[in-house]
Each structure stands twice: as structure tokens, then as C-alpha cells.
Amino acid sequence: MPMNLARDQIIVERRYVAVFSTVSDESLVALAHALPDSLRDPFARAIGLRRGAYDDASTLAASIRNGMIARRSVIDAGVLLSEPCTNYFVDTLGEASDDPSFDDLQSLIPTAIEKFGLDAVRLMAVQYSVALGGFKRLVNEDERFKIPAATTPTTAPSHDKAAQEAKRAARKERRRR
């Protein structure tokens, strides 16, 4: 059954957003610093990092998160940050990398986590979670790779009626001028 590309892209983007929300700042910085030189510039361009951003670890995670939102580049960021891990899987699996089985993936995951970290492997899994059967099963069955549920506010936002009324009055006053 053919998949709708736009629908798949929306699903993948939502999954990346959910996974990135669980990635710590320290892990995000480690993933960015672990990028090979050939991927650092494309990553920086994709999310709009300023020159020298890699040098300031204290602000790098916030810059990455802000850039992903401002540039709507969550998918690009996820793909690039997991690219070294993806290459490892492709190189190791050879021809089986076109559509790896769940067992193929499970056999490589411990080494991949050791080499690249759990978050890199999670981001890679998201990339292929819609299209490839082994990855679909991975995100559905392996607790480490399940897509986190979207967080929703537990309480309704409070509305200060007096403040709202003051804002309305100020707007009306500006319109009269």
C-alpha cells in the first residue's frame, strides 16, 4: 500500500519533536559535538547556528532547540544528528540495510548505543519508523525506542479577567487615536 509522503513527513516530524523533548541538553550538545566535520556546517546551516556556536557548550543546546523551531528544521536536525549512527547501521548491515528486520536491528543496537549513545540511535529509529518494517516494530515494541506521548498541559491556562479587560480597553483606546 503506497504511503502518502506529506502524511509520513508530518508523522516523522511529530515523532522527532516528541523524542527531542526527552533528549537532555547534555546529550544534545554531545550529539552536535560528535558530528564529523563534513556534517557540522550542514547542521549549523539547517538550524541557523551562528558562527562559534559550537564553542559555547553552555548555550549550544538552547541554540539548537531554538533553531529547530525557528527554521522548522526538526527533521533535518534529527537526520543529521543521527547520521553517523545511520552510516554505521548501513555499513554493518550491507544489503540488508535497505529494509532491516527487527532482529537485524536488535543485534546491532547494543554496539550502536555504546558507540553513539542511546539518543543517536533513537533519532535514527524515528527517521525510518514510518517506512521500514524493522524500525516500525522497534518503535512499537522496544521500550527504549517507543515514541513518547505528546505532553499536554495538566491544567487549563488561567485567565485573569481584569487583565484581559484592561488589554481590551487599551486596544480600544489605541483605535480611537
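Residues numbered from 1 in each chain as written. Predicted model: local features only at pLDDT ≥ 70, side-chain atom pairs only at ≥ 80, totals over all residues. Heavy atoms only, no water.

Student: Please provide a residue-by-residue account of the nonpolar core, values included.
Tutor: Soluble globular proteins: nonpolar side chains tend toward being buried together. Core analysis: the biggest nonpolar cluster contains 48 residues, and Phe-20, Phe-43, Leu-49, Ile-64, Leu-81 and Phe-89 have the highest contact counts within it. Of all the secondary structure elements, the ones that give two or more residues to this core are helix H1 (5–20), helix H2 (25–34), helix H3 (37–47), helix H4 (57–70), helix H5 (74–93), helix H6 (102–116), helix H7 (118–128) and helix H8 (133–141). Counting residues per element, this core draws most heavily on H5, which supplies nine residues. Sequence-distant contacts of Phe-20, that is, excluding residues within four places in its chain, are made with Leu-28, Arg-65, Met-68, Val-74, Ala-77, Gly-78, Leu-81 and Leu-123. (Core = buried A, V, L, I, M, F, W, Y, C linked by side-chain atoms within 4.5 Å. Buried < 20%, exposed > 50% of the residue type's maximum accessible area, 1.4 Å probe, protein only. Helix = DSSP H or I, 4+ residues; strand = E, 2+ residues; numbered from the N terminus. Contact = heavy atoms within 4.5 Å.)

Student: Quick rundown of the packing of aromatic side chains? Include the residues and the values.
Tutor: Taken as a whole and judged by the stated rule, the model has four aromatic pairs. Here Tyr-88 and Phe-89 contribute two aromatic rings whose centre-to-centre distance is 5.8 Å and whose plane-to-plane angle is 90°, an arrangement assigned as edge-to-face. The buried category is assigned to Phe-89, whose relative accessible area is 4%. Grouping aromatic residues by their ring pairs yields a cluster made of Tyr-88, Phe-89 and Phe-116. For the cation-ring pair, Arg-40 lies above Tyr-54, with the distance from its terminal atom to the ring centre recorded as 4.6 Å. (Phe/Tyr/Trp six-rings, centres within 6.5 Å; stacked < 30°, edge-to-face > 60°. Lys NZ or Arg CZ within 6 Å of the ring centre and 35° of its normal.)

Student: Can you break down a positive patch on the surface residue by residue, with the values?
Tutor: A cluster of basic residues, Lys-167, Arg-171, Lys-172, Arg-174, Arg-175 and Arg-177, forms a positive patch on the protein surface. Positionally, Lys-172 belongs in helix H9 (residues 161–176). For Lys-172, a relative accessible area of 48% corresponds to the partly exposed category. (Patch = residues over 30% accessible without salt bridge, like charges linked within 9 Å, V, L, I, M, F, W, Y side chains within 5 Å. Areas by Shrake-Rupley, 256 points an atom, 1.4 Å probe, with all protein chains shown as cover. Salt bridge = Lys/Arg side-chain N within 4 Å of Asp/Glu carboxyl O. Lys, Arg positive; Asp, Glu negative; His and termini not counted. Charge placed at Lys NZ, Arg CZ, Asp CG, Glu CD.)

Student: Before we move on, can you summarise the pattern of salt bridges with the specific residues and values?
Tutor: According to the stated counting rule, one finds seven salt bridges in the structure shown. One salt bridge connects Asp-119 with Arg-122, and the closest N-O pair in it is separated by 3.0 Å. Of the two residues, Asp-119 and Arg-122 are both situated in helix H7; the distance of three residues between them amounts to about one turn of the helix. Given a relative accessible area of 14%, Asp-119 falls into the buried group.

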